[in-house]
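# Structure assessment
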Amino acid sequence: MAGTAGAALALLPVAASAHAQLVGSSPAPGAVLATLPATVDLYFTEPVTPAGRGISVYGPDGRLVSNGTARAQGVQLTVGLGAAMDGTYAVIWTVIAADTHPSRGEITFSVGHSSPVRGPGLGGGDVGLVSPIGLVLQSLGRWLHFAGFALGFGAATYALFVAGDPRPMRLAGAGVALLLVAEPLALFAQTASFDPAQTFDGDALTSALASSFGRVLGLRVAAAILLWAVLGALRQAPWLRWSIPALGGALALVDATAAHGTPALPQPLGLLLNALHVSAMGVWVGGLAAFAIAPSGGFGRVAAWSAGLLIVSGAALALLHFANPLQVMTTAYGEILLVKLPLVGAALYLAWRARRRWELAALVAVLAVAAVLVSLPPPR
Amino acid sequence: MRRIHYAWIVAAVTWFTLLAAAGFRSTPAVLIVPLQHEFGWSRATISIAVSINLMLFGLFAPFAGGLMERFGVRRVVVGALLTVSAGSGLTVFMHQPWQLDLLWGVVVGVGTGSMATVLAAIVANRWFVQRRGLVLGALTAAGATGQLIFLPALAWLAVNMGWRTAALVVASAALLGIPLVALFMRDRPADVGLRAYGATEADEPAPPLRNPVRAALGGLAMGARNRNFWLLAGSFFICGASTNGLIGTHLIPASIDHGMPEVTAASMLAFIGIFDVAGTMISGWLTDRLDSRWLLFWYYGLRGLSLLFLPYAFGMQYFGLFLFIVFYGLDWVATVPPTVALTADTFGRRNLGVVYGWIFASHQLGAAGAAFAAGAVRTYFGDYQLAFMTSGVLCLLAAGLVIRINRTRGQETVAAAPLPAASY
Ligand code: HEM
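Residues numbered from 1 in each chain as written. Chains lettered and ligands numbered in written order. Predicted model: local features only at pLDDT ≥ 70, side-chain atom pairs only at ≥ 80, totals over all residues. Heavy atoms only, no water.

### As for the overall build of chain A
Along its length, chain A carries eleven helices and eight strands. In terms of overall size, chain A behaves like a compact globule, its C-alpha atoms giving a radius of gyration of 23 Å where 380 residues would be expected to give roughly 21 Å. When the backbone C-alpha atoms are referred to their principal axes, chain A occupies close to 75 × 45 × 35 Å. Each of the 380 residues in chain A was classed as buried or not, and the buried ones make up 53%. (Helix = DSSP H or I, 4+ residues; strand = E, 2+ residues; numbered from the N terminus. Rg over C-alpha atoms; globule rule 2.2 N^0.38 Å. Buried < 20%, exposed > 50% of the residue type's maximum accessible area, 1.4 Å probe, protein only.)

### Some thoughts on the site of the ligand
Residue and element names in this part refer to chain A. As a structural note, the neighbourhood of the ligand is formed by 27 residues, with His260, Asn274, His277, Tyr333 and Lys340 the closest of them. The separation between an oxygen atom of the ligand and a polar side-chain atom of asparagine 274 is 3.0 Å. Side-chain polar atom of tyrosine 333 to an oxygen atom of the ligand: 2.6 Å apart, as the coordinates give it. For the shell around the ligand, the secondary-structure elements that each account for two or more residues are helix H7 (267–293), helix H8 (299–321), helix H10 (332–352) and helix H11 (356–375). With seven residues, H8 is the single largest residue contributor to the shell around the ligand. (Near = heavy atom within 4 Å. Polar contact = N/O pair within 3.5 Å; in protein donor to acceptor, adjacent residues only side chain to side chain.)

### Quick word on the coordination of the iron atom of the ligand
Residue and element names in this part refer to chain A. Every protein donor of the iron atom of the ligand is accounted for by His277 (NE2) and Lys340 (NZ), and the metal-donor separations fall at 1.7 to 2.1 Å. With six donor atoms in place around the iron atom of the ligand and angles of 84 to 178 degrees between them, the coordination shape is octahedral. Note that histidine 277 is positioned in helix H7 and lysine 340 in helix H10, a separation of 63 residues in sequence. (Donors = N, O, S within 2.8 Å, 3.2 Å for Na, K, Ca; no water. Tetrahedral: all angles 85-135°; square planar, octahedral: opposite > 155°, others 65-115°.)

### Points about the environment of glycine 134 of chain A
Residue and element names in this part refer to chain A. Relative to the helices and strands, glycine 134 is located in helix H2 (residues 132–163). On the accessibility criterion, glycine 134 (0% relative accessible area) is buried. With sequence-adjacent residues up to four places away left out, glycine 134 is seen in contact with Ala189, Ala192 and Ser193. (Contact = heavy atoms within 4.5 Å.)

### Let's talk about the environment of alanine 167 of chain B
Residue and element names in this part refer to chain B. Of note, alanine 167 is situated in helix H8 (residues 163–184). We classify alanine 167 as buried; its relative accessible area is 0%. Taking the C-alpha atoms as reference, alanine 167 lies 19 Å from glycine 79; in sequence the two are 88 residues apart. Apart from the residues lying within four places of it in its own chain, the contact partners of alanine 167 are Ser88 and Thr91.

### What to know about helix H6 (residues 243–257) of chain A
Structurally, the α-helix is built with 3.6 residues per turn, so residues lying three or four positions apart point the same way. Residue and element names in this part refer to chain A. Over its 15 residues, H6 extends 21 Å from the first C-alpha to the last, a length consistent with the 21 Å expected when each residue adds 1.5 Å. Counting buried positions along H6 gives twelve out of 15 residues, so the element sits mostly inside the fold. Taken together, the buried positions of H6 are Ser243, Ile244, Leu247, Gly248, Ala250, Leu251, Ala252, Leu253, Val254, Asp255, Ala256 and Thr257. (Expected span 1.5 Å × (residues − 1).)

### Remarks on the pattern of salt bridges
Residues and elements named next belong to chain A. Tallying each qualifying case throughout the model produces six salt bridges over all chains. Of the charged contacts in the structure, one is a salt bridge between arginine 356 and glutamate 359, with a shortest N-O distance of 3.0 Å. One end of the pair is arginine 356 and the other is glutamate 359, both in helix H11 and three residues apart, which spans about a single turn. (Salt bridge = Lys/Arg side-chain N within 4 Å of Asp/Glu carboxyl O.)

### Overview of unusual backbone geometry
All names here are of chain A. Going from serine 26 to proline 27, the amide bond is cis rather than trans, its omega being 0 degrees. Relative to the assigned elements, proline 27 resides in the loop between strand E1 (22–26) and strand E2 (32–33). Positive phi values are uncommon outside glycine, yet threonine 100 reaches one of about 70 degrees. Along the polypeptide, threonine 100 turns up in the loop between strand E7 (87–97) and strand E8 (102–111). Exposure remark for threonine 100: the relative accessible area of 7% places this residue in the buried category.

### Some remarks on the domain arrangement of chain A
Residue and element names in this part refer to chain A. According to the domain assignment, chain A consists of domain 1 (20–111) and domain 2 (132–373). With centres defined by C-alpha atoms, the gap from domain 1 to domain 2 works out at 35 Å. Contact residues are listed per partner, giving twelve residues for domain 1 and 17 residues for domain 2. Summed over both sides, the interface of domain 1 with domain 2 buries roughly 1100 Å², with 57% coming from carbon and sulfur. On the surface where domain 1 and domain 2 come into contact, there are zero salt bridges. The tally of links between domain 1 and domain 2 comes to four residue pairs in polar contact (both at pLDDT 80 or more). Secondary-structure elements contributing two or more residues to the side of domain 1 that touches domain 2 are strand E4 (48–58), E7 and E8. Ranked by residues supplied to the side of domain 1 that touches domain 2, first place goes to E7 with four residues. Broken down by class, the residue content of the side of domain 1 that touches domain 2 amounts to five nonpolar, five polar and two charged. (Domains from an automatic or database assignment. Buried area = accessible area lost by both parts, 1.4 Å probe. Nonpolar A, V, L, I, M, F, W, Y, C, P; charged D, E, K, R; others polar.)

Pasting the structure below:
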C-alpha cells in the first residue's frame, strides 16, 4: 500500500496546465475568404485532445460540413471541410486540456460574403470557457469531492493517529459515500460543460470516459473503493492504518493532476504543492469534523500546522496563477479568490476563538469557493 | 519404501482431466474466425455460442456437484468426457447457427462444466486433509491454465488444417481420457480401503446420499441465508469478470488495437498462463498457512491496481505490459484456493461441493457478462479503457468484500481488534 503514492506519481500525465484557450486559427476569426479552405486549423495555449468531434463547422445553411473527428497535433487541432457554399460558417470547438479541464468556444468566418449564422451555436453566456450549467455542476462535483476527501481521509487519520478513538471512523464511511456521489456528478459536469443538451448523451459520456478525464475519474473512484476496503481490513490489521494517510496523499496527487497546472514550476513541484494544499485541507476539515465527535487535546496543534501549510501553499499557488496583480480584479478567477480569502480569515478567527461548529461551517464554505476556483480558468 | 498414497494418483488423474476440460471449453474462441469465413456468420452470432458455453460451464457446476455426490465422481466424469466428445465431434456436420449454439454452447458447456473446479474442490476435500490447499491450487491452476495454453496449438490447427480438424482433435482427446479416468479414478478413500491423506478417525465425513437437483438447490438455499455466501459469490463474480471475461477474451484484440502483432499478443496470454501456474501453486501453499481472507484481500487489491495501471501500460510499450503480465498473471486464479477454503470453513466440508458450485456459477456469470460487456464497450467507445478501469475498480471492491467475511468454525482468530468494536 505504501507504494500507492509512488505508483500514482508514475502515472501522472506529462504536461498538466490550465484550461486550453484559443490563441489563433486559420481561417482567422471574422475573415472573409474567396474560396472555402480544405481544412480549419485551431491553435491553443497548450496541447489539447478533441472532445466529441473536437471541431464542428456549420455551413451558411446550418448543416454540418466538417468531416468526422478533428485531429490533434500538440497545440493544433485540424478538421477537413466538405461542402462549399458562400456565406458565413460557424466553427465550434470542444477540447480537453492536459489537466482534464473542458473548454469550448466559437468563431466564424465567411466565404464570398457574410450571412446570418445558422448553426446550433453555443447559446452565449459562457463562463470560464464552458456552459454555465456545466460550471455549476463542475463546482458542485468538486465541492462534494473535497468534502468526501476530508471526511474519508482526514477524519479517519484524526481518529487513528490523533485521538486514538474509533468513534469518528463512521465519518470515513460517509466520506466514501460522498466521494462515490461526487465522481458521477463530475462526469455529467464534463459533458454538460460542452453541451448541456448532451449531458446524458451516450456518445458524449463515452467520449468523456475514454479521455484523460475518464482515467482520472477512474482513479478517484478506485481510491474511494480502496479506502472502503482498507476500513474493513483495519479491524484485523491495525498496522494497515498507515495506508489511510498514504492513500489520501495518493488521491491528493491524482487531484493535483486535475487541478490547474503551474507552468512556472517544474511539473512535479507544482503537483506536490497542489497535493500538499489538498492534504492539509483534509487534515484540518476532516479532523475538525471528527473532533466534534471525539474531542482530543492534540487537535489544536495539528489544526494550526495544517492551517499554516494551507496559507503558505495557497499563497504560492495564488502567486503562480497570476501574471500581474491587476488580474485579481479583472478576472473571474481573481474575484473568486477574493471571496475565498475573507472566508479563510473567518475560519481562522473562529478557530482561535474555539467556536468549532462555526469554524467547520466557514471551512465548508471555503471548500465551496475553492471548488468554483478550480473550475474557472486561471489567468496563468 | 512406503507406497505412494492413492490420493496422489487421484489428484494426478483429476489434474489431467481439468486441464483437458479447460482446453475443450476455450476451443470456440479460436474457431470464431474460421467459422465466420466458412459460413459467413457474424461475430455476434458466433459469440452467442461462446457466451452460452461460458455460462453453462459455471451454471452447471452446482448440479455437477450434486451428481457427483449421488452417482460418484468417476461415472460423472466419464459421462462428461463422452458428452464433450460427442458435442465437439458432431460440429463437423453442422451448417446452421443454432447447431453451433447447441453443440459448442450447450453440449460442450454442460460437459466441461461437469468437470470444472467443482471437481477440484470435491477431490481435494475428500482425498486430502493435509496439503489440501496445495492440491487445490494445483488442480485449479490446471483448470485455468488449460484455457490459455492450448489456444496457440488449436489456433494453428484451425488455420493450417481447418477448424474441423481442431474439433476432431478435441473430440478424440476427450475419448482418450475415458479409459484413464475409468481405470484410476476412485470416488472416496474408503473405496480403496484408505483414509484421506493425513486424516485421522475424527475427520471422516459421512457419505451423503441425495437427489442431485435437490442437493444443488438445497445448497443454494443454504448459501443464500448466509452473509458469507453473498460476499464470496460477489467477489467471485468480480473474479470471473476480471479474468476469463475481460482479459481472457479481450486482451488480444486490445493489444492489437495498440499496434501489437497478433502473435505477440497471443503469447502474452500464454505468459499470463505460466505465471498463473506459479501464482496458484503458491496461493494453495499459502492457503494452508494463512488467513484466507487476507490472501484474497491482497490478491484482489493487487489485481485491481494492475488493471487500473493497464491503460497506462499500453502507453509505456513492452515494459509496462511486462509488469502487468507478471502482477496480473500471478493472481489470475490464485483466488480459488482461499475462496474454496472459506466456503469449506463456513458451510462444512460436507456441503462444500454444492455451495461452492453456486459460488463458481457466480464466477462464470461474471465472466460471461464481462466478455459481452467489454466487447460492447469496445464497439461503442472504440477503446477498452473504460472496461479495464471499471474492472480494476471492481477488484478493489472485491478486496473490500472479502475482508468483511466472518470467520466461523474452528479456526483460530487472528490478531484481536486493537480498537473497541466500532461501526466501520
Ligand atoms: C491564504 C489562504 C489560501 C490561499 C491563498 C489559497 C489559494 C488557493 C488557490 C490559488 C487555489 C487554486 C489552485 C488551482 O487553481 O488549481 C486553491 C485551491 C484550493 N484550496 Fe486554497 N487557499 C487558501 C486556503 C485554503 C483553505 C483554508 C482551504 C480549505 C480548508 C483551501 C482549500 C482549497 C482546495 C480544496 C483547493 C482545490 C485544490 C485542487 O483541486 O487540487 N484553501 N487555493
